[in-house]
Amino acid sequence: MVGYAFMGAAHSHAWRTAPRFFDLPLGIGMTALAGRDSERVTAAAAKLGWDSVETDWRRLVERDDIDLVDICVPGNLHAEIAIAALEAGKHVLCEKPLANSVEEAERMTEAAEAAKANGVLAMCGFSYRRTPALSLAKRLVDSGALGEIRHVRAQYLQDWLTDENAPLTWRLDKDKSGSGSLGDIGAHIIDAAQWIGGADITGVSAILETFVKERPVGGDFVGLGGHGGTDGPKGPVTVDDAAVFTARFGNNAIGVFEATRFALGRKNAMRLELNGSKASLAFDFEDMNSLWFYDSADGPNSGFRKIQATEPEHPYTGNWWPVGHGLGYEHGFTHQVVDLVNAIGAGEQPTPSFGDALQVQKVLAAVEASAADESRWTAV
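Below or above, wherever it landed, is the structure these notes cover. The numbers attached to residues start from 1 for each chain and follow its sequence in the written order. Two thresholds apply to this predicted model, a pLDDT of at least 70 for residue-level local features and 80 or more for giving and counting side-chain atom pairs, whereas whole-chain, interface and lining totals are computed over all residues. With hydrogens and water stripped out, all remaining heavy atoms of the structure feed into the side-chain values.

**Some remarks on the pattern of salt bridges**
Here is step 1: Any Lys or Arg side-chain nitrogen found within 4 Å of a carboxyl oxygen on Asp or Glu counts as a salt bridge. By the definition in use, this model includes 21 salt bridges.
Here is step 2: In this structure, the salt-bridge partner of arginine 171 is aspartate 184, at a minimum N-O distance of 2.9 Å. Remark: aspartate 184 occurs in helix 8 (residues 181-197) and arginine 171 occurs in the loop between strand 6 (149-157) and helix 7 (174-177); sequence separation between them is 13 residues.
Here is step 3: Where lysine 176 meets aspartate 173, a salt bridge forms, and the shortest distance between an N and an O atom there is 3.3 Å. Helix and strand assignments follow DSSP, with helices taken as H or I runs no shorter than four residues and strands as E runs no shorter than two, numbered in order from the N terminus.

This is how it looks when you write it as structure tokens:
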């Protein structure tokens, strides 16, 4: 694995946990962790359960005892690492968004397609797909329970940047992150909406806004943000703080999307609602074990009913706790590992593929282009 911060810890937990709760066709060895700072990566490896360390990711690609490379670093490094790993015959798991540009994502997809011909597989880590309630939503849509999809409503609301003195991290530097709330959290709802609804976004009209133009370059880092000094130097914020756009899908459904890290009181409200010709469903990650479903056949006075997605027949949940005991954020990453290892064991393409992630990248690019052109309607 390359990287050991927030995503690195989540992925490490998943690699440790997956074989202890699921029967997998292949064994998992947490062989090596790579990071530039020798002292820090050594401490992280000991804490997270890795057997050895490297201070150059290229050594992971060269090592014969490594079969898969997991990429958990900022987006500006994704393309170089992923392409090198695939060309060296390593399977790849890469965090989202796939890259910082469509051009990079296209090169990564081409490399993945070439590697696939040799039995080497690649997957992009849109982990929310593995939330049992959202996987159940996908199952319901695919079964035809909603009928024709007409409306898609998607939000991702956080508030960790509302403090104007939150420090200037890599997520606020476009050269490293590619974009702000749009790519960091908006990519998740774009992927979820396309995947669950079964159709790609074909066009958008968008607004991007940066509310705080500069921030302290240092300070106390806590979680994703923290608090910087008010008297020290500041640097420019070069990404969006919020993104809002309307969209049309290939199945003629219309959508409304919002991603922000300035929604006071909303901690991780990843929300999705689909309205079809026969039924509707709604989900909010802050109540992640629940899916709300309305069936018009039940009559106008029935209202939405709550499905607690913890039954053994629901996706993934039968391998965990008794009914009603609930899962957490980390379980999505464990399910991601399970699906990836099962696909590698079967020699089948895991999803989402790099091609799927490229489609999300094209939507991100269209949103940026529209916002830069007075919200003009822009084809994906």
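**Considerations on the pairing of strand 14 (residues 269-276)**
Here is step 1: Throughout, exposure labels follow a simple rule: accessible area from a 1.4 Å probe, protein chains only, divided by the maximum for the residue type, with under 20% read as buried, over 50% as exposed, and the rest as partly exposed. With six of eight residues buried, strand 14 lies mostly within the body of the structure.
Here is step 2: One ladder, built from eight bridges, connects strand 6 with strand 14; its direction is antiparallel. For histidine 151, the partnering residue across the bridge sits in strand 14 and is asparagine 275.
Here is step 3: Between any two strands, pairing holds if DSSP finds at least two bridges. Relative to strand 15 (residues 279-284), strand 14 is paired through five bridges, and the arrangement is antiparallel.

**Some thoughts on the sheet that holds strand 5 (residues 122-125)**
Here is step 1: Taken in spatial order, the three strands line up as 3-4-5 in an open sheet, and their pairing is parallel. A single partner strand is all that each edge strand has here, and the edge strands are strand 3 (68-71) and strand 5. Across the sheet, the mean angle from the axis of one strand to that of its neighbour is 10 degrees, orientation sign disregarded.
Here is step 2: Bridge analysis of strand 4 (residues 91-95) against strand 5 gives four bridges, and the strand direction is parallel. The residue of strand 5 that forms the bridge with glutamate 95 is glycine 125.
Here is step 3: We call two residues contacting when some pair of their heavy atoms lies within 4.5 Å. Helix axes are fitted to C-alpha atoms over the stretch in contact, other axes to C-alpha atoms as well, and angles between N-to-C directions run from 0 to 180 degrees. Its contacts with the sheet put helix 1 (residues 6-21) on strand 3 and strand 4, and the angle it makes with strand 4 is roughly 135 degrees.
Here is step 4: In the packing of helix 10 (residues 354-372) onto the sheet, the strands contacted are strand 4 and strand 5, and the crossing angle to strand 5 comes to about 40 degrees.

**What to know about the pairing of strand 3**
Here is step 1: Summarising the sheet, strand 3 and strand 4 pair through four bridges and their orientation is parallel. What sits directly across from leucine 68, in strand 4, is histidine 91.
Here is step 2: Think of it like this: strands point away, you trace from the first strand over the helix to the second, and a clockwise trace means the crossover is right-handed. The handedness of the strand 3 to strand 4 crossover, carried by helix 4 (residues 78-87), is right-handed.

**Quick look at the packing of helix 1 against helix 9 (residues 329-346)**
Helix-helix packing is characterised by the crossing angle of the two axes and by the distance between the axes.
Here is step 1: The geometry of helix 1 relative to helix 9 is characterised by a closest axis approach of 8 Å and an angle of 60 degrees between their N-to-C directions. The orientation of helix 1 with respect to helix 9, classified from their angle, is oblique. The interaxial crossing formed by helix 1 with helix 9 has right-handed handedness. On helix 9, the residues touching Phe6, Met7, Ala10, His11, His13, Ala14, Trp15, Thr17 and Ala18 of helix 1 are Tyr329, Glu330, Phe333, Thr334, Gln336, Val337, Val338, Leu340 and Val341. Orientation categories follow fixed angle ranges, with anything under 35 degrees roughly parallel, anything over 145 roughly antiparallel, 65 to 115 roughly perpendicular, and all other angles oblique. Handedness of each helix crossing follows the sense of rotation of the near helix against the far helix: counterclockwise by less than a right angle gives left-handed, clockwise gives right-handed.

**Remarks on the packing of aromatic side chains**
Here is step 1: Stacked, tilted and edge-to-face are the three classes applied to pairs of Phe, Tyr and Trp rings, where Trp contributes its six-membered ring and a pair requires centres within 6.5 Å; stacked means planes under 30 degrees apart, edge-to-face means over 60, and tilted covers the rest. In total, this model carries 15 aromatic pairs according to the counting rule given.
Here is step 2: Ring geometry for phenylalanine 211 versus phenylalanine 262: centroids 5.1 Å apart, planes at 55 degrees, classification tilted. Remark: phenylalanine 262 occurs in the loop between strand 13 (254-260) and strand 14 and phenylalanine 211 occurs in the loop between strand 7 (201-209) and strand 8 (214-216); sequence separation between them is 51 residues.
Here is step 3: Pairing phenylalanine 245 with phenylalanine 257 gives two aromatic rings, centres 4.7 Å apart and planes at 5 degrees, and the pair type is stacked. Taken together, the residues span a long stretch of sequence, with phenylalanine 245 in strand 12 (residues 242-249) and phenylalanine 257 in strand 13 at a distance of twelve residues.
Here is step 4: Taken together, the aromatic side chains of Phe6, Tyr128, Tyr156, Phe283, Phe285, Tyr329 and Phe333 make up a single cluster linked through ring pairs.

**Description of the environment of serine 101**
Here is step 1: Among the structural elements, serine 101 can be located in the loop between strand 4 and helix 5 (102-116).
Here is step 2: With a relative accessible area of 26%, serine 101 lands in the partly exposed category.
Here is step 3: In the structure, serine 101 is positioned 257 residues away from leucine 358 in sequence and 9.3 Å away in space, judged by C-alpha atoms.
Here is step 4: Nitrogen and oxygen atoms within 3.5 Å of one another constitute a polar contact, given that in protein one can donate a hydrogen and the other can accept it, and given that sequence-neighbouring residues count only through two side-chain atoms. A distance of 3.1 Å separates a polar atom in the side chain of serine 101 from the backbone nitrogen of glutamate 104.

That is the geometry; function is a separate question.
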